[in-house]
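Each chain, written out:
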Amino acid sequence: MKIHIQNLMKAAGALWIAAVIVFAFASNRATADDKAVTASNVSESSPKLGKSGSQLWSENCARCHNMRSPSAYSDAEWSVVMHHMRVRAQLTAGEHKAILEFLKSAN
């Protein structure tokens with residue numbers, strides 16, 4: 001019985017390590033995508049071209065959230081929030097960048 005529990009603990013540890021590696025890879029991939037965005041390809045990839053960060057923020061975030069003042073969170077906190085919400089709200093890299101710049105500029 002003791003050996004069985006030890007094998008389960010080893011398997012759980014290996015699974016945990018694999019999950020951390022996958023998360024690190026996925027996080028790095030999103031960061032690389034953000035860096036690849038330039039002013040020229042933002043205009044080509046964003047269907048919402050011409051909208052300011054505040055417009056994109058109110059259109060995308062208000063669908064699910066009560067609107068908060070941009071000063072409700074620090075720049076670092078907005079960076080974390082936007083990192084998580086980029087995928088959930090299906091924002092393009094350009095939209096993500098515009099919204100984050102708006103939120104940080106309002107602090």
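What comes next concerns the included structure. Everything quoted here is computed from the prediction, not taken from an experiment. (Residues numbered from 1 in each chain as written. Predicted model: local features only at pLDDT ≥ 70, side-chain atom pairs only at ≥ 80, totals over all residues. Heavy atoms only, no water.)

### Things to note about the overall build of the protein
- Along its length, the protein carries five helices and zero strands.
- Along the protein, helices and strands appear, N-terminal first, in the series α-α-α-α-α.
- Per-residue burial over the protein gives 19% buried out of 107 residues.
- Long-range contacts, defined here as pairs at least 24 residues apart, represent 63% of the contacts in the protein between residues at least 6 apart.
- As displayed, the protein has an accessible area near 7800 Å², and 63% of this comes from carbon and sulfur atoms. (Helix = DSSP H or I, 4+ residues; strand = E, 2+ residues; numbered from the N terminus. Buried < 20%, exposed > 50% of the residue type's maximum accessible area, 1.4 Å probe, protein only. Contact = heavy atoms within 4.5 Å. Areas by Shrake-Rupley, 256 points an atom, 1.4 Å probe, with all protein chains shown as cover.)

### Focus: the pattern of salt bridges
- Under the definition given, this model contains one salt bridge.
- One salt bridge connects K51 with E59, and the closest N-O pair in it is separated by 3.1 Å. (Salt bridge = Lys/Arg side-chain N within 4 Å of Asp/Glu carboxyl O.)

### Points about the packing of aromatic side chains
- By the definition in use, this model includes two aromatic pairs.
- A ring pair is formed by W57 and F102, whose centres lie 5.3 Å apart and whose planes are at 45°; its orientation type is tilted. Taken as a pair, W57 in helix α3 (residues 53-61) and F102 in helix α5 (residues 93-105) lie far apart in primary sequence, 45 residues in all.
- You can call W57 buried: its relative accessible area is 11%.
- Where Y73 meets W78, the ring centres are 4.9 Å apart and the plane angle is 90°; that geometry is what we call edge-to-face.
- Of the residues examined, Y73 reaches a relative accessible area of 25% and is grouped as partly exposed. (Phe/Tyr/Trp six-rings, centres within 6.5 Å; stacked < 30°, edge-to-face > 60°.)

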